Amino acid sequence: MKMYITGVRRGLGKALVDKFGNDESLETCDVFINCKHDGFEQVEMLYYAAKLNKRIINIGSHASDFTHLHKYAVEKKALREANHQLFMEGTNTTILNFGYIDTERSAHQDVKKMSVSYCIDIIEWVLEQPHRIKDITIVAD
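What counts, and where the lines are drawn
- Residues numbered from 1 in each chain as written.
- Predicted model: local features only at pLDDT ≥ 70, side-chain atom pairs only at ≥ 80, totals over all residues.
- Heavy atoms only, no water.
- Axes fitted to C-alpha atoms, helices over the stretch in contact; angles between N-to-C directions.
- Helix = DSSP H or I, 4+ residues; strand = E, 2+ residues; numbered from the N terminus.
- Parallel < 35°, antiparallel > 145°, perpendicular 65-115°, else oblique.
- Left-handed = near helix turned anticlockwise from the far one by under 90°.
- Contact = heavy atoms within 4.5 Å.
- Nonpolar A, V, L, I, M, F, W, Y, C, P; charged D, E, K, R; others polar.

Q: Before we go on, may I ask you to explain the packing of helix H1 (residues 11-20) against helix H4 (residues 116-128) in this structure?
A: Between two packed helices, both the angle of their axes relative to each other and the distance between the axes serve to describe the pair. Following both chains from N to C, one finds H1 and H4 inclined at 60 degrees, their axes separated by 10 Å at the closest point. When the axis of H1 is compared with that of H4, the two are oblique. H1 and H4 meet at a crossing whose hand is right-handed. Contacts between H1 and H4 involve Leu12, Ala15, Leu16, Lys19 and Phe20 from the first element and Val116, Cys119, Ile120, Ile123 and Glu124 from the second. Class assignment for the residues of the contact of H1 with H4 results in eight nonpolar, no polar and two charged.

This is the structure in structure tokens:
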């Protein structure tokens, strides 16, 4: 299974590439892991991957359940809503709304965090399922 993964410089994206490799392009992959947060670019990439009929895993955020986080929460909420829309239209797309992950990006947060390896295990589990999964929210408490 060839994967195209975005957001691969550090954190979860880098760990995914270390484990699975990274295909040359979205056009030639089997699975698109939409991991790079860059404004609303994740939403644009989701629509493009759906147009190409790819299996999609979106890395969302539990922050999309809140409003006090402002821009980031709105961008992740847009990704969640686009995932929902495309899923209901038959696209094989899943959004994983993780809480804090133990990466550089969240190092300053004094909260319980999930390990990167745990998040990768969840992604693998989703990919192994015989049925479509729309969304999962997981928070370390």
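Q: Sorry if this is basic, but what is going on with unusual backbone geometry here?
A: In terms of backbone geometry, most residues other than glycine have negative phi values and most peptide bonds are trans. Positive phi values are uncommon outside glycine, yet Asn53 reaches one of about 65 degrees. Within the secondary structure, Asn53 is located in the loop between helix H2 (41-51) and strand E3 (55-59).

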